[in-house]
Amino acid sequence: MLVQEPNDLRFQVHPQAKFDVRAAVLLVHAGQLLATVNSASGIALVPGGAVKFGETAAEAAAREIHEELKLNVVPQLVGIVESFWQQPERTYQQLIMAHRVTLTDAQKAGLVWQEGLEGEWLPFAKAARVLQPRSLAQFLTSGDAIRHLVDHHTE
């Protein structure tokens, strides 16, 4: 669910179209990705949220991880995804600033989810099948260059 908070870079383009700028964080540990999985649809989402006006994407990523998991990290920008998808009543477009953090054993053990949220560790192969947008799976492993992807959620 998209929640509008003060200064979020989320815009109602018209009644059936919404655009937002999002920071997403892939938290990885030992070949697994931390995600929330919708029990009805099986879709997995990574922690993150809207970038706020005046905030860098890295600041937004760090803030969201602290809010959702009480974890202080310095996320590394690994890519940008232009994501487009349709729901019955609305069309969405997101500019996703994708970050990755490789957690230590101690960081993994110390994760505390925000009330109302919970996640699970998915092996990379499973994450690649259920992650939304799917293109985020291309950032699960290290790469030297920041990449730009376009994802048209056609499934």
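Nothing here was measured: the structure is a model prediction, and the numbers come from that model.

1. A closer look at the packing of aromatic side chains
Move 1: Scanning the entire structure with this criterion turns up one aromatic pair.
Move 2: Judged by centre distance (4.7 Å) and plane angle (10°), the rings of tryptophan 85 and tyrosine 92 are stacked. Per residue, the accessibility class of tryptophan 85 equals that of tyrosine 92, and both read buried.
Move 3: Its guanidinium or amino end placed over the ring of tryptophan 121, lysine 108 lies 5.0 Å from that ring's centre, counting from NZ or CZ.

2. Here's the deal with the pairing of strand 7 (residues 90-102)
Move 1: Sheet analysis places strand 2 (residues 17-29) next to strand 7, joined by twelve bridges and oriented parallel. What sits directly across from lysine 18, in strand 7, is tyrosine 92.
Move 2: Here strand 6 (residues 76-87) runs beside strand 7; their pairing, made up of eleven bridges, is antiparallel. Within the sheet, the bridge partner assigned to phenylalanine 84 lies in strand 7 and is glutamine 93.
Move 3: Following strand 6, the chain reverses through two residues before pairing antiparallel with strand 7.

Rules used in this analysis
- Residues numbered from 1 in each chain as written.
- Predicted model: local features only at pLDDT ≥ 70, side-chain atom pairs only at ≥ 80, totals over all residues.
- Heavy atoms only, no water.
- Phe/Tyr/Trp six-rings, centres within 6.5 Å; stacked < 30°, edge-to-face > 60°.
- Buried < 20%, exposed > 50% of the residue type's maximum accessible area, 1.4 Å probe, protein only.
- Lys NZ or Arg CZ within 6 Å of the ring centre and 35° of its normal.
- Pairing = 2+ DSSP bridges.
- Helix = DSSP H or I, 4+ residues; strand = E, 2+ residues; numbered from the N terminus.

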